[in-house]
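Descriptive structure summary
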Amino acid sequence: MRTPRKVAVIAHQRKTLGGGLDELRRLITDQGVEDLFWYEVPKSKYAPKQVRKAIRKEPDLLIVWGGDGMVQRSLDAIAGAKAKIPVGIIPAGTANLLATNLHVPADLPGAVDNAFHGERHKLDLGVLNGEHFAVMAGIGFDGAMIHDADGKLKDRMGKLAYVWTGLRNVNGESPRAKIKVDGTAWFDEEASCVLVGNVGTVTGGIHAFDDAKPDDGWLDVGVATARGAAQWARTMGQMAVGRSDESPFVHMTRARKIDVKLREPLTYELDGGARDAVKKIRVSVAPGAVKVCVPRQRTGDKSS
């Protein structure tokens, strides 16, 4: 693999890592880059427009600086483009769940080295109501928790924001959910949370999907029926010491298409970013939708 010569950077201005964006620029130019296209945004919702501008420059590599929300919106834009430009993730956000699941180095020099010299690996994405995600999507307790943690609270408290808002929402409502997987009725009961995962570890560092792989062409589905602090404590405890599907308050399966209908609208989330309340979601898998740079020392358990 030749070293990329044309590189585009999409950076969240408010996120930090190592020596910051100035150090990122220095490390990139140390790689012998000939053309560097630089785009900064104040919020992740402005990233897709800049990604589309970057794609028109036809770079050999697109580097995304930020957290999961920034990465999700960038990958969503890239997945919709014809050219599958490799993406290097610089984990400068709060959770960095995709980077963690892919074993991307958490330090700036290591992340840059991985972007330039790591394996270009095809990853699946999920698609919820037309929008791509890389880590997970959730509705119910999960969506409410992330909605409440968004913005200033997450900036101030970091990962603890999820703990705080989670405790506030454990006694939330549990509307009836009708769920079909690949066209077949699967679940029809009260549900406090519906999660769809592309990787194993999700919000709060919880290993929710024990068998999930981001390159197997499937999405893992979990429904939690826990209500109140005691049942949620039992559920989280089981996830911490064993398999999630062994909890009496969790139902799990795997599918390529998931349809969820709720009796009343609830907030949902994609990769830690809150979206408006809805009564229906449709989720499907987009196999091999993007190429992401991953460490070469772990290629033995990955397919190309």
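What this report covers is the structure whose coordinates are included nearby. (Residues numbered from 1 in each chain as written. Predicted model: local features only at pLDDT ≥ 70, side-chain atom pairs only at ≥ 80, totals over all residues. Heavy atoms only, no water.)

In this structure, His103 takes a positive phi of about 65 degrees despite not being glycine. Here His103 lies in the loop between α4 (97-101) and α5 (108-117). (Helix = DSSP H or I, 4+ residues; strand = E, 2+ residues; numbered from the N terminus.)

Attention shifts here to the packing of aromatic side chains. Within this structure, the stated rule accounts for one aromatic pair. Ring centres 6.1 Å apart and planes at 45 degrees place the aromatic pair Trp186 and Phe187 in the tilted group. Taking the relative accessible area as the measure of exposure, Trp186 reaches 27% and is therefore partly exposed. Here Arg25 stacks its cationic end above the ring of Trp38, 4.0 Å away from the centre of that ring. Directly above the ring of Trp218 sits Arg256, whose terminal nitrogen or CZ lies 3.8 Å from the centroid. (Phe/Tyr/Trp six-rings, centres within 6.5 Å; stacked < 30°, edge-to-face > 60°. Buried < 20%, exposed > 50% of the residue type's maximum accessible area, 1.4 Å probe, protein only. Lys NZ or Arg CZ within 6 Å of the ring centre and 35° of its normal.)

With that settled, the discussion passes to the packing of helix α1 (residues 20-29) against α5. Between α1 and α5, the shortest axis-to-axis distance is 10 Å and the interhelical angle comes to 40 degrees. Here α5 runs oblique to α1, going by the angle between their axes. By crossing handedness, the relation of α1 to α5 is classed as right-handed. Residues Gly20, Glu23, Leu24, Leu27 and Ile28 of α1 pack against Leu108, Pro109, Val112 and Phe116 of α5. Among the residues making up the contact of α1 with α5, the classes are represented as seven nonpolar, one polar and one charged. (Axes fitted to C-alpha atoms, helices over the stretch in contact; angles between N-to-C directions. Parallel < 35°, antiparallel > 145°, perpendicular 65-115°, else oblique. Left-handed = near helix turned anticlockwise from the far one by under 90°. Contact = heavy atoms within 4.5 Å. Nonpolar A, V, L, I, M, F, W, Y, C, P; charged D, E, K, R; others polar.)

With that settled, consider the packing of helix α2 (residues 47-56) against helix α3 (residues 68-79). Where α2 contacts α3, the two axes come as close as 9 Å, and the packing angle between them is 45 degrees. One finds that α2 runs oblique with respect to α3. Seen from above, α2 lies across α3 with right-handed handedness. Judged by residue contacts, Ala47, Pro48, Val51, Arg52 and Ile55 of α2 engage Met70, Arg73, Ser74, Ala77 and Ile78 from α3. For the contact of α2 with α3, the residue count by class is seven nonpolar, one polar and two charged.

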